[in-house]
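Descriptive analysis of the structure
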Amino acid sequence: MSRYAPYAESLGRIPVEDHEVSLLGSSTRYWVYGPQDAEVTIVIVHGYRGDHHGLEPVIAQLPGIRWISPDLPGFGASAPLTGAAHDVAGYAAWFRAFSDALGLTGTAVVLGHSFGTIVVAQALTSGLPTPALILINPISSSGLEGPNRFGTFVTVAFYRLAAKLPNRVGAWLLRRWIIVQFMSSALAKTRDRRLRRWIHEEHHRYFNGFATRDSVVEGFEASISTDVSRFAADITVPTLLVAAELDDITPVRAHYALAELMPDARLTMIPGVGHLVHYEVPQLAAEAIEGFLVERGLLHGTAGESQNR
C-alpha cells in the first residue's frame with residue numbers, strides 16, 4: 001500500500017534545488033522551489049524543531065512563486081551556530097546574514113511560521129528591509145500565556161529537566177517517541193483520520209532532526225523568551241497575519257490585539273484549525289497569501305496550482 005501523502009503530487013511538479021551557505025559559523029542548508037523568473041520571491045523561517053519540509057504543503061499550492069526555505073541553524077540539515085547564540089537575537093542575525101548572502105535583502109517577501117514569526121519580527125526591527133511580511137500562526141503573545149496553561153507548564157518543565165540531565169541522557173529523552181506523539185496529538189485538530197495520521201508521521205520524521213541537546217534546549221528558551229507583540233509597533237511594512245481560532249499556543253484575542261498594534265496589518269482568522277495551519281489547511285493559507293500579494297501590488301495574475309497544469 002502506498003503511503004498517504006496529500007500534497008506530494010502537487011509538490012512534485014515544482015522544480016527544487018538544494019544549496020548550502022556558511023553563515024556565523026553555521027553551514028546552512030536551504031532549498032529553492034519554483035521558477036527562477038517568478039514575479040515574487042518569498043524567503044521562509046520555519047518553526048521550532050521543524051525544518052524546511054514543514055511549509056512544503058503551502059508551497060505546493062503556489063507553484064508560480066519562488067520560495068527559499070532554509071533549515072534553521074541546529075535543526076534539519078543545518079549545523080548549530082558558533083558565531084552567535086541560539087537566542088532570538090542570534091537567529092535574527094543569522095537570517096539577516098542569510099538574506100544578504102543570497103541577495104534577497106529588500107526584494108524578497110519574508111514569511112515566518114510559529115517561532116519563525118518571532119525571528120523575522122526581530123530581524124525586521126533590527127534593520128532587515130522587505131516589501132512585505134507574512135506571519136503564519138504568529139506567536140502574538142507570550143508562549144507562557146497560551147490557552148493550554150497546563151500543557152505549557154509540563155512542556156517548560158520537560159525541557160528544563162532535559163537541560164539539567166547529562167547531555168546524552170537529555171538528548172535521548174528529547175527524542176522519545178511519546179514526546180513527539182504527545183505534541184502532535186495536542187496540536188492536530190483535524191477529524192480526518194488519514195490526514196491526522198499523516199501529520200503524526202511528518203512530526204515523527206522531522207521533529208527530532210536537531211543537532212544537539214544544547215541547541216534544541218536553547219532554541220526552546222528562545223521560543224518562550226518573547227513574542228511578536230514586542231516588535232509590532234516598529235514593523236511598518238504591509239503585513240499579513242494568518243491565524244487560527246483553535247490555536248493552543250496563542251489565544252484568538254492576542255491575534256486581534258497584534259493586528260491593532262501593527263501599523264499596516266491584515267488578519268485572516270481560519271476557523272476549525274489550530275497551530276498546524278500549514279498541514280491541515282494549506283490551501284486556505286495559500287489563498288490568503290496570494291490575495292495579500294495581489295492586493296499589495298506585488299503579484300499580478302495567479303500563482304496558484306493551476307499554473308502546474
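Residues numbered from 1 in each chain as written. Predicted model: local features only at pLDDT ≥ 70, side-chain atom pairs only at ≥ 80, totals over all residues. Heavy atoms only, no water.

Overview of the side chain of Ser215
One can find Ser215 in helix α9 (residues 213-223). Among the polar contacts listed, one links the side chain of Ser215 to the side chain of Thr212, at a separation of 3.0 Å. Not counting residues up to four positions away in its chain, the partners in contact with Ser215 are Gly74, Phe75, Pro80, His86 and Tyr91. (Helix = DSSP H or I, 4+ residues; strand = E, 2+ residues; numbered from the N terminus. Polar contact = N/O pair within 3.5 Å; in protein donor to acceptor, adjacent residues only side chain to side chain. Contact = heavy atoms within 4.5 Å.)

Observations regarding the packing of helix α6 (residues 167-174) against α9
Running from amino to carboxyl end, α6 crosses α9 at an angle of 60°, the nearest separation of the two axes being 9 Å. As far as their axial angle goes, α9 and α6 are oblique. The two elements α6 and α9 cross, and the hand of that crossing is left-handed. Facing α6, whose interface residues are Asn167, Gly170, Ala171 and Leu174, α9 presents Arg213, Asp214, Val216 and Val217. (Axes fitted to C-alpha atoms, helices over the stretch in contact; angles between N-to-C directions. Parallel < 35°, antiparallel > 145°, perpendicular 65-115°, else oblique. Left-handed = near helix turned anticlockwise from the far one by under 90°.)

A word on the pattern of salt bridges
In the structure shown here, the tally under the stated rule is 12 salt bridges. Two residues, Arg160 and Glu221, come together in a salt bridge whose shortest N-O distance is 2.9 Å. With Arg160 in helix α5 (residues 149-164) and Glu221 in helix α9, this residue pair connects regions lying 61 residues apart in the sequence. As a salt-bridge pair, Glu295 and Arg266 come within 2.9 Å of each other at their nearest N and O atoms. Here the residue Glu295 occupies a position in helix α12 (residues 282-295), and Arg266 occupies one in strand β8 (residues 265-270), the gap between them amounting to 29 residues. (Salt bridge = Lys/Arg side-chain N within 4 Å of Asp/Glu carboxyl O.)

Describing the layout of surface pockets
Of the pockets and cavities examined, the largest pocket occupies roughly 970 Å³. Lining of the largest pocket is provided by 42 residues; of these, Tyr48, Met183, Leu187, Phe207 and Ile249 occupy positions nearest its centre. Elements with a minimum of two residues in the lining of the largest pocket: α5, α7 (177-187), α8 (193-206), α9 and α11 (277-280). The dominant element in the lining of the largest pocket, judged by the number of residues it contributes, is α5, at 7 residues. Per-class residue counts for the lining of the largest pocket are 21 nonpolar, 17 polar and 4 charged. Reported here for the second largest pocket is a volume of approximately 200 Å³. Every residue along the wall of the second largest pocket is listed here: Arg3, Ala5, Tyr7, Ala8, Leu11, His53, Glu56, Pro57, Trp198, Glu202, Arg205 and Tyr206. Among the secondary structure elements, those contributing two or more residues to the lining of the second largest pocket are α1 (8-12), α2 (56-59) and α8. (1 Å grid on protein atoms, 1.4 Å probe; cavity = no way out; pocket = protein on both sides within 12 Å on 5 of 7 lines; lining within 4 Å. Points joined across faces, edges and corners; volume = space filled by probe spheres on them. Nonpolar A, V, L, I, M, F, W, Y, C, P; charged D, E, K, R; others polar.)

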